[in-house]
Amino acid sequence: MSTPLQEYLEQTSPEKLNPAMTAYVANLQQTAAVAPDVAEAIVRELGTQRAHLKLVASENYCSLNVQSAMGNLLTDKYAEGYPEHRYYGGCENVDTVETIACEEAKALFGAEHAYVQPHSGADANLVAYWAILNNKIEIPECEKLGETNLSHLTDQQWADLRQKLGNQKLMGLDYYSGGHLTHGYRQNLSARMFDSYSYTVDKETGLLDYDAIEKQAMEVKPLILLAGYSAYPRAINFKRFREIADKCGAVLMVDMAHFAGLVAGKVFTGEYNPVEYADVVTTTTHKTLRGPRGALILCKKEFADSVNKGCPLALGGPLPHVMAAKAVAFKEARTQAYRDYAKRVQENAKVLAEECIKLGMKLQTKGTDNHLMLIDVTTYGLTGRQAENAMFECGVTLNRNTLPFDPQGPWWTSGIRVGTPAVTTLGMGKEEMKEIALIIDMVLKGTKPGVAKDGKPAKGKIVLDPEVKKNATEKVKNLLSKYVLYPELDLDFLEKHFCK
Ligand SMILES: *Cc1c(COP(=O)(O)O)cnc(C)c1O
C-alpha cells in the first residue's frame, strides 16, 4: 500500500509538483503515523479557515514559508540567555538564527535594539515591564547600596527592594477604551504588580484626548506611560506621547501588537511611528505583521541589557524554531510586496468603514485610520455577543468587543470589532469590502434577540431569519471561492487521506 506522499508524487506531474503541498503531505503523514486524530484536526482547520470569512482584527494568515521554518529540530534546543551569551553549550546555530531575526527586526523597524524571544504579546509586556523596573528602580537602588549581586543583599535590603519594585505606577489605556488586558486590567498581573491607572478616550468623540492624558499623567506621575491598544480605530500621535512622558518623567512604552504591520509597512510614519519616540516597544508577530505566533521587543540602547535578561527574569528557554520563523517573516516584511499589502490593509479598512456608515451603521469615532473598526450593534437591537453569533452562523468570524464605557460589560458587549488584515492577505480589495459591508448589514438586520425559557430576552441567544442566513451564507461562499486560502494546498487530497 502506498503512503499519501507516494500517492501525491505519483499522481502529480513534475511541472505541477508544488513544494508547499509536498511538505504538507509529508508532515501530515509523519504526524498521522503517531496521532491520526491530530493530523485530521490540522486538515479540518484548513477546511474551516477556507470556509469562513475572517474579519477578526487580531488574526492573519502567515505565509507557508513562515510555517515551514517552524517545523524542525530547532525546537529541541535549549538556549537560555541571548546570542553569544548562553547558559547552555552547543548554541552556535541558534545564535545564528536569533541574530538574524534580531538584525532583521532592527532593520525593518529602524530600532536600536531587538529581542525576539518572547513567546507571546503578554510575555513581551511582562519582560518589558520588568526590564524598565530593572533599569529605573533595581539598578539605581543597588548602586546606592554599592552592590551589583542580588544574592549579596541582606534580607532587609532585598525586602526593601521588592517593596519598591512592587509599588510603581503604570498608566495605560483603559480596557473598555481599547487597551489590552496586560495594560493594567485588574484581572491581569499588570494591575497586581503595579499601582495601575487608566486613561480613557473622550466620552463624546471616542478619541484619545492628549491634553486630558497629559493632565492625568502630571497628577499620577507614572513610572511607565503606556500607549497602544487592541481595539482603537485611530492612529496615535507618539510625538505627543513622548512630550507627555518627558514632562511627567515617565518611561514611554508602546504596545503596537495590533498595528506593527502598519509600522513595518511604512503606513504609519513620522509621529505615528512609535519606534522613533518610545523607549520600549512591544509587539506580537502574528497579527498585522503576519509572522508566526509570538512577540518581539524593540528598545533604545539604554534598555538593551535589561531587555536581554528576559530569561531569567520572566521567560524560560526561547523557542528557536519560532525565532527562525520570525526571521523569515521579518525578511518578508522588508519587501515592497509587504509594504503594498500594509497599504491595502488600511485602504480596505477605510472603504469598509465608509460603506458601513453609508448603510447606517454607527462606528466608534466615525471611521478608522488603521486596520480595524468598532461597530456599535445596539442600533440593530443586539448585543455584541448576539451579533458575533449571527455572523458566525453565516460563515463570518469576528469578535464582539466592548465599546468605551460599555454598559453591557466585557462578556456581552455592545460592539463588534472588524478588521481587514486577513481578507487583504487573501487578496480582497475595494469591491469585496463593499460586499462585506452589505453582508454584515444584512445579517444584523435579519437577527432578533432570542428569548430565554422564562420569556425574558436572552443576551446571548438569537433568532436569525433563515432566508437571510441562506442568502448571506451564499454571498460569503461566493466571495471565498474567488480568494482561496493557501491555494497551493489541495484540500480534497488532504481530506481524502487524513480525515475519516
Ligand atoms: C494581542 C495583544 C497582546 C497579547 O498577545 P498574545 O500573543 O495573545 O499574548 C498584547 N497587547 C496587545 C495590545 C494586543 O493586542
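The model shown is predicted, which means the values in this text are computed figures rather than measured ones.

Asker: Mind laying out the overall build of the protein, listing which residues take part and the relevant values?
Answerer: The secondary structure content of the protein amounts to 22 helices and 17 strands. Here the protein has a C-alpha radius of gyration of 24 Å; the compact-globule value for 500 residues is 23 Å, and the two agree. In terms of overall dimensions, the protein has a C-alpha envelope of 75 × 60 × 45 Å along the principal axes. Taken over 500 residues, the protein has a buried fraction of 56%. Residue pairs at least 24 apart in sequence account for 74% of intrachain contacts in the protein once pairs closer than 6 positions are excluded. Surface exposure of the protein reaches about 22300 Å², of which carbon and sulfur atoms provide 52%. Counting 57 positive and 61 negative side-chain charges, the protein places the centres of these two groups 5 Å from one another.

Asker: Kindly report on the UniProt feature "modified residue: N6-(pyridoxal phosphate)lysine" (unreviewed entry) in the protein, identifying the contributing residues and their values.
Answerer: Per the UniProt annotation, the sites labelled "modified residue: N6-(pyridoxal phosphate)lysine" (unreviewed entry) are Lys-287. Dropping the residues within four chain positions of it, Lys-287 is found in contact with Ser-58, Asn-60, Ala-257 and His-258.

Asker: Tell me what's going on with the packing of aromatic side chains, and back it up with residues and numbers.
Answerer: Applying the stated rule across the entire model yields 14 aromatic pairs. Judged by centre distance (5.8 Å) and plane angle (85°), the rings of Tyr-210 and Phe-241 are edge-to-face. Of this pair, Tyr-210 sits in helix H9 (residues 210-220) while Phe-241 sits in helix H10 (residues 238-248), placing them 31 residues apart in sequence. Of the two residues examined, Tyr-210 and Phe-241, each falls in the buried class.

Calculation rules
- Residues numbered from 1 in each chain as written.
- Predicted model: local features only at pLDDT ≥ 70, side-chain atom pairs only at ≥ 80, totals over all residues.
- Heavy atoms only, no water.
- Helix = DSSP H or I, 4+ residues; strand = E, 2+ residues; numbered from the N terminus.
- Rg over C-alpha atoms; globule rule 2.2 N^0.38 Å.
- Buried < 20%, exposed > 50% of the residue type's maximum accessible area, 1.4 Å probe, protein only.
- Contact = heavy atoms within 4.5 Å.
- Areas by Shrake-Rupley, 256 points an atom, 1.4 Å probe, with all protein chains shown as cover.
- Lys, Arg positive; Asp, Glu negative; His and termini not counted.
- Charge placed at Lys NZ, Arg CZ, Asp CG, Glu CD.
- UniProt positions renumbered as here; feature names shortened; annotations may be inferred.
- Phe/Tyr/Trp six-rings, centres within 6.5 Å; stacked < 30°, edge-to-face > 60°.

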